[in-house]
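Residue-level structure breakdown
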Amino acid sequence: MKAEEGELTYLPAEILKEFAAQAFAALGTPPADATICAGVLIAADLRGIESHGIGRLKTYCERIQAGVQSVKTEVEIVKETETTALVDGHHGMGAVIATRSMRLAMEKARRLGLGAVAVRNGTHFGIAGYYALMAAREGMMGLALTNARPTIPPTFGAEPKLGTNPIAFSAPSDAGFPFCFDAATSTVSRGKIEVHDRARKSTPEGWVIDTEGQPLTDPGRILRDLVSGEAMMLPIGGAGETTGGYKGYGLAAMVEILCASLGAGAFMKDLLGSAPDGSRRPYMLGHFFLAIDIEHFVPLEVSKQITGQIMRDLQSTRKAPGQERIYVAGEKEHEMQELVRERGIPVNRNLRRDLRDVRDELTIDGYKAYF
């Protein structure tokens, strides 16, 4: 049952997963694909990444209804070798495109040690870490990248050219959970701005600036100005070179190259989702997936032990004053899963309204006890 805590309602993960799958199916997504899409959304919430969880459901529904994303996913293998593949996603459901592409990379890696798949004409696929973890669960290392709509300026630039372009890498370990680094190459993801907007909270300075270099903290304005190009998200390291902003800029450019050039796909301004006449069009995102079968290098248990020891050595580092614990990538998310499964997914008033809107517009029966 739901539990109240102030403005937040904690809803069971399985209920929200079921609802999301019904919403996608109501729009025409085949049931198996609808289940995949719902699973990726809820996986984000379970890991505490609410910027990419159930809060994105309404956005996906709107894109489908606007005709910029297809509910029928055709994953076409354009070119293939024993270790590589080029896939055209034909603007289908991003989670389905990415899941099938990573599976293809893993199949190739199982046979020959490495499998790489480039994707063109993809769509937003949720958390990149989901796909990197697919490989880790199968005893492999996994890398998942995607480009995105331009929001980041190059260092010393006053115009957004690169997307938040996340990097996700995962490796199995004997530490009780896989190492999993999953982060945008911007200071934060666009989704975190959306979370602040739903909560009616200002964003911290250092996340977003205007084209004059002045900080912006109103999330509603930021989301509008990101669309118009009047706001820019800062890369990891911030503006300029003093605090290393060129590093985040360089990483974002690296992701752009891997996701566009290997697939002969769209890049930078062509990912805006708008045609020259101003009409909406598919976002034409590019993705890149890499699977590494560890057994082709060393025994899996040896690799897991070394990775685990690296993680334990990092956790046991002498702590800074006032700090109680040192985490490694994937640890907080691993622990969050059990908490969220027990407590439920936090949903605030504005998100409940969005879920009601989806329910009522698609005439989905039930769920009135939840939102």
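Residues numbered from 1 in each chain as written. Predicted model: local features only at pLDDT ≥ 70, side-chain atom pairs only at ≥ 80, totals over all residues. Heavy atoms only, no water.

It is worth spelling out the sheet that holds strand S9 (residues 208-210) at this point. A sheet is described by the order of its strands in space; here three strands give the open sequence S10-S9-S11, paired in antiparallel fashion. Every interior strand has two partners, whereas the edge strands, strand S10 (215-216) and strand S11 (231-233), have only one. Note: S9 against S11, three bridges, orientation antiparallel. Opposite Val-208, over in S11, you have Met-233 as the bridge partner. Sitting on the sheet, helix H7 (residues 219-228) is in contact with S9, S10 and S11, with an inclination near 100 degrees to S11. (Pairing = 2+ DSSP bridges. Helix = DSSP H or I, 4+ residues; strand = E, 2+ residues; numbered from the N terminus. Contact = heavy atoms within 4.5 Å. Axes fitted to C-alpha atoms, helices over the stretch in contact; angles between N-to-C directions.)

Turning our eyes to something else, we now look at the packing of helix H2 (residues 31-46) against helix H4 (residues 94-112). Viewed as axis vectors pointing N to C, H2 and H4 meet at an angle of 95 degrees, and their least axial separation amounts to 8 Å. One finds that H2 runs roughly perpendicular with respect to H4. Contacts between H2 and H4 involve Asp-33, Ile-36, Cys-37 and Val-40 from the first element and Ala-95, Val-96, Thr-99 and Arg-100 from the second. A class-by-class count of the residues in the contact of H2 with H4 yields five nonpolar, one polar and two charged. (Parallel < 35°, antiparallel > 145°, perpendicular 65-115°, else oblique. Nonpolar A, V, L, I, M, F, W, Y, C, P; charged D, E, K, R; others polar.)

Turning our attention to the side chain of Arg-198. Position of Arg-198 among the secondary structure elements: in helix H6 (residues 190-199). In this structure, Arg-198 is in contact with Glu-50, Gly-55, Asn-348, Asn-350, Leu-351 and Asp-354, ignoring residues within four places of it in sequence.

Another aspect to go through is empty space enclosed by the protein. Overall, the coordinates contain one cavity of 30 Å³ or more when judged by the stated rule. Roughly 90 Å³ of internal volume is contained in the largest cavity. Looking at the lining of the largest cavity, the elements that each hand over two or more residues are H2 and H4. Top contributing element to the lining of the largest cavity by residue count: H2, with three residues. Per-class residue counts for the lining of the largest cavity are eight nonpolar, five polar and no charged. (1 Å grid on protein atoms, 1.4 Å probe; cavity = no way out; pocket = protein on both sides within 12 Å on 5 of 7 lines; lining within 4 Å. Points joined across faces, edges and corners; volume = space filled by probe spheres on them.)

Looking at the chain, pLDDT values average 96 and 98% of them are 70 or higher. Considering only residues more than four positions removed or in separate chains, one finds that residues 1-5, a stretch of pLDDT under 50, has eleven contacts. (pLDDT = per-residue confidence, 0-100.)

In terms of nonpolar packing, the biggest core is built from 59 residues, with Leu-16, Phe-24, Leu-57, Tyr-131 and Leu-355 touching the most fellow members. Residue contributions to this core peak at nine residues, all from H4. Those residues in contact with Leu-16 that lie beyond four places of it in its chain are Leu-11, Ile-42, Ile-54, Ile-345, Val-347, Leu-355 and Phe-371. Of all hydrophobic cores here, the second largest spans ten residues; its members include Val-188, Trp-207, Val-208 and Leu-216. (Core = buried A, V, L, I, M, F, W, Y, C linked by side-chain atoms within 4.5 Å. Buried < 20%, exposed > 50% of the residue type's maximum accessible area, 1.4 Å probe, protein only.)

Here the focus is the pattern of salt bridges. The tally for this structure, following the rule as stated, stands at 20 salt bridges. Of the charged contacts, one joins Lys-108 and Glu-80 as a salt bridge, the two residues approaching to 2.8 Å between their closest N and O atoms. Of this pair, Lys-108 sits in helix H4 while Glu-80 sits in strand S3 (residues 76-80); the two residues are 28 residues apart in sequence, bridging distant segments of the chain. Classification of Lys-108 as buried rests on a relative accessible area of 1%. Judged by its relative accessible area of 44%, Glu-80 falls in the partly exposed class. As a salt-bridge pair, Glu-301 and Lys-304 come within 3.9 Å of each other at their nearest N and O atoms. Of this pair, Glu-301 and Lys-304 both sit in helix H9 (residues 300-315), three residues apart, roughly one helical turn. One continuous salt-bridge network, built from bridges that share partners, spans Lys-58, Arg-353, Asp-354 and Asp-357. (Salt bridge = Lys/Arg side-chain N within 4 Å of Asp/Glu carboxyl O.)

Once that is clear, we can look at the pairing of strand S12 (residues 285-293). Of all nine residues making up S12, seven are buried, and the element is well covered by its neighbours. Bridge count for strand S5 (residues 114-122) against S12 is seven bridges, and the pairing is antiparallel. Bridge assignment links Val-119 to a residue of S12, and that residue is His-287. Across seven bridges, the pairing between strand S6 (residues 140-146) and S12 is antiparallel. Pairing of Met-140 across the sheet is with Asp-293, part of S12.

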